Amino acid sequence: MAYKKSKYSIEFTQELTMRTLGVLADSPIALTIDEICLQDQVLVGQTSQKMTRVLGELCNKGLAFKTKDKHKGRMVYVSAASLENQGFDLNNLVY
């Protein structure tokens, strides 16, 4: 079975993850992928597919949460730290 090498190095993916988490932690509101990318210069040129993978990893680790925004019609993401700062109890959070 052939293996296709990723164009993203592990280090670059880690940098994207940390920058994405930083943007989410600084924002008091939930953001779409496009809004996240506009907040950081390194994230501006990233594809939505790569950002979805990065955000999915953050959600799997419990560092971020996602839900669908009814008004925007898109998925929005918020960091767990932002929710805690706003007084939400993450143990009783329904998402």
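The structure under discussion appears in the preceding block.
Residues numbered from 1 in each chain as written. Predicted model: local features only at pLDDT ≥ 70, side-chain atom pairs only at ≥ 80, totals over all residues. Heavy atoms only, no water.

Asks: Quick question: what am I supposed to make of the overall build of the protein here?
Replies: Helix and strand content of the protein: four helices and two strands. Taken from the N to the C terminus, the helices and strands of the protein come in the order α-α-α-β-β-α. With the C-alpha coordinates aligned to their principal axes, the bounding extent of the protein is approximately 45 × 25 × 25 Å. In the protein, which comprises 95 residues, the proportion classed as buried is 33%. Sequence separation of at least 24 residues holds for 50% of the intrachain contacts in the protein that already meet a minimum separation of 6. Just so you have it, the protein exposes about 6900 Å², and 52% of that area is on carbon and sulfur atoms. (Helix = DSSP H or I, 4+ residues; strand = E, 2+ residues; numbered from the N terminus. Buried < 20%, exposed > 50% of the residue type's maximum accessible area, 1.4 Å probe, protein only. Contact = heavy atoms within 4.5 Å. Areas by Shrake-Rupley, 256 points an atom, 1.4 Å probe, with all protein chains shown as cover.)

So yeah, pure geometry; function would need other evidence.
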